[in-house]
Amino acid sequence: MKRVACVTGADRGLGLYLVRSLLESKYMVFAGQYSPDQAALEALKAQYPDSLRLVPLDIGSAGSVKEAARSIAGSTGHLDMIINNAGIIHRSDDATVLVDMDDEAMAHIYNVNTLGALRVSNALMGLLLQGRQRLVVNISSEAGSIGRNKRINMYGYCMSKAALNMQSSLLHNHLRTMGGQVMVFHPGWLQTYMNGEKDAKAPVTPEESAGKIMTIVHNHKMYLAEEPAYIDLDGNLWPW
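Because the structure is predicted, anything quoted here is derived from the model rather than measured.

Some thoughts on a nonpolar patch on the surface
Here is step 1 of the chain: On the surface, a cluster of nonpolar side chains totalling about 600 Å² of accessible area is made up of Val97, Leu98, Val99, Met101, Tyr155 and Met159.
Here is step 2 of the chain: Structurally, the position occupied by Val99 is in the loop between β4 (81-84) and α4 (103-128).

Here's the deal with the environment of Met81
Here is step 1 of the chain: Within the fold, Met81 resides in strand β4.
Here is step 2 of the chain: What makes Met81 buried here is its relative accessible area of 0%.
Here is step 3 of the chain: In sequence terms Met81 and Val136 are 55 residues apart; their C-alpha atoms lie 5.7 Å from each other.

So, the pattern of salt bridges
Here is step 1 of the chain: A complete count under the given rule lists 5 salt bridges for this structure.
Here is step 2 of the chain: Residues Arg151 and Glu142 are paired through a salt bridge, measuring 2.8 Å at the closest nitrogen-oxygen approach.
Here is step 3 of the chain: Note on Arg151: relative accessible area 32%, which makes it partly exposed.
Here is step 4 of the chain: Residue Glu142 is classed as partly exposed on the basis of its relative accessible area of 23%.
Here is step 5 of the chain: In this structure, the salt-bridge partner of Lys212 is Glu208, at a minimum N-O distance of 3.4 Å. In this pair, Lys212 and Glu208 are both assigned in helix α6 (residues 206-218), 4 residues apart and thus about one turn of the helix distant.
Here is step 6 of the chain: When its relative accessible area of 32% is taken as the criterion, Lys212 is described as partly exposed.
Here is step 7 of the chain: When salt bridges with common partners are traced through the structure, they connect Arg20, Glu24 and Glu207 into a single cluster.

A closer look at empty space enclosed by the protein
Here is step 1 of the chain: This model, assessed by the stated rule, comprises 3 cavities of 30 Å³ or more.
Here is step 2 of the chain: In this structure, the largest cavity encloses a volume near 50 Å³.
Here is step 3 of the chain: Lining the largest cavity, in full, are His90, Ser92, Asp93, Ala95, Met101, Asp102, Ala105, Met106, Ile109 and Tyr155.
Here is step 4 of the chain: Of all the elements, α4 adds the most residues to the lining of the largest cavity, at 3 residues.
Here is step 5 of the chain: When the residues that make up the lining of the largest cavity are grouped by side-chain class, the tally is 6 nonpolar, 2 polar and 2 charged.
Here is step 6 of the chain: Taken as a whole, the second largest cavity holds about 40 Å³ of empty space.
Here is step 7 of the chain: Every residue lining the second largest cavity is listed: Cys6, Leu57, Val65, Ala68, Ala69, Ile72, Val120 and Leu124.
Here is step 8 of the chain: Ranked by residue count, the leading element in the lining of the second largest cavity is helix α3 (residues 62-73), at 4 residues.
Here is step 9 of the chain: Of the residues belonging to the lining of the second largest cavity, the class tally is 8 nonpolar, no polar and no charged.

The rules we used
Residues numbered from 1 in each chain as written. Predicted model: local features only at pLDDT ≥ 70, side-chain atom pairs only at ≥ 80, totals over all residues. Heavy atoms only, no water. Patch = residues over 30% accessible without salt bridge, like charges linked within 9 Å, V, L, I, M, F, W, Y side chains within 5 Å. Areas by Shrake-Rupley, 256 points an atom, 1.4 Å probe, with all protein chains shown as cover. Salt bridge = Lys/Arg side-chain N within 4 Å of Asp/Glu carboxyl O. Helix = DSSP H or I, 4+ residues; strand = E, 2+ residues; numbered from the N terminus. Buried < 20%, exposed > 50% of the residue type's maximum accessible area, 1.4 Å probe, protein only. 1 Å grid on protein atoms, 1.4 Å probe; cavity = no way out; pocket = protein on both sides within 12 Å on 5 of 7 lines; lining within 4 Å. Points joined across faces, edges and corners; volume = space filled by probe spheres on them. Nonpolar A, V, L, I, M, F, W, Y, C, P; charged D, E, K, R; others polar.

Coordinates in, geometry out; function isn't part of it.
Written out as structure tokens, the structure is:
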């Protein structure tokens, strides 16, 4: 039985390279596509016409997630892996508690980064439980680690990732009783477009991060435990 995965936020950056790595590992991949005009993903589709399916997906919308889940279920009877990669940052989230905060922007960040991942996992859980790996991979951030926190701002983003970590723990507790697992990754400070422009100052390329993440994922049995694994790119466990 061919292994099957679903990746959200697959248009560019880390998501795109995670999709490419899975395809190179002979997975059939359903790629959640937020923007319909991303040339890189279309080029990958041309390279892997039989193994890559592009699925319109806005994880911030419950209706979009349900429609994507119906589309995926119409093409496969199982999933082995769900990678919740899609996420956002908002420029106004730089504020500290000493100035006015944009609570609508923070709510939007939470809706996408935390609830969006849960919507996807929930909608696809039936398919995942029919697979062999039964693995959920949530792309979090060091910003979600309370134990390592040194920041005084980015309330929306940090809280959304901390909540994603708790969501991951809850899901892991349930999924492991059915032979599954949740893994949580800090993907490094990435050269991504989460702010709308490429973060050229970041030291880690999406391609490098995706390669290291997938190497750990493919050896994920070493992390099977009572608790979900919160991991950096070197395979080190992080404090929650």
